[in-house]
Amino acid sequence: MFDYCIESITYKLIFFVQKLNVNVVLVSANLVAQVNMILMLNGENFKLWKEQVEIVLGCMDLDNALRTEKPTSTPKNSNTDKVEKWEHSNRICLMIMKRSVPEAFRGSIVETTDAKIFLKELEQYFARN
């Protein structure tokens, strides 16, 4: 009887883990599909490209670095969680944006590790050209 209960629980646990893995795969595939929907920037489509980037990053809840300034830590308030969340958002924003910006354009703007500055530099570049 005891073996049967353990076996039943094991099967339920395996099914639950398999279901979780399927959900993780589906979420991952959805994220990749959203990122792949962003047009390659070609010099004539900046406004549309920017709109798509903002929509995708917003839907993925990764646009924190584009909407807010980096939180600062003080001796009284470390803001560790806020800083880590902002840094993660900033890193992912940069990766996603740079993925859809040809190297020729990236070489024409100032190299930065701040997603908001990167976006503003691109905007200024295309306003001039």
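Here, every reference points to the structure presented above.
Residues numbered from 1 in each chain as written. Predicted model: local features only at pLDDT ≥ 70, side-chain atom pairs only at ≥ 80, totals over all residues. Heavy atoms only, no water.

Moving on to the packing of aromatic side chains. In this structure the tally under the stated criterion is five aromatic pairs. A centroid spacing of 5.1 Å and a plane angle of 85 degrees characterise the contact between Y125 and F126, whose relative ring orientation is edge-to-face. Classification of Y125 as buried rests on a relative accessible area of 17%. Taken together, the ring pairs connect F46, W49, F105, Y125 and F126 into an aromatic cluster. Just above the ring of F118 sits the side chain of K98; from NZ or CZ to the centre is 5.7 Å. (Phe/Tyr/Trp six-rings, centres within 6.5 Å; stacked < 30°, edge-to-face > 60°. Buried < 20%, exposed > 50% of the residue type's maximum accessible area, 1.4 Å probe, protein only. Lys NZ or Arg CZ within 6 Å of the ring centre and 35° of its normal.)

Turning next to the side chain of T112. Topologically, T112 is positioned in the loop between α5 (103-106) and α6 (115-128). T112 gets classed as buried once you look at its relative accessible area, which sits at 14%. For T112, the residues in contact, after removing those within four places along its chain, are L94, K98, I117 and F118. (Helix = DSSP H or I, 4+ residues; strand = E, 2+ residues; numbered from the N terminus. Contact = heavy atoms within 4.5 Å.)

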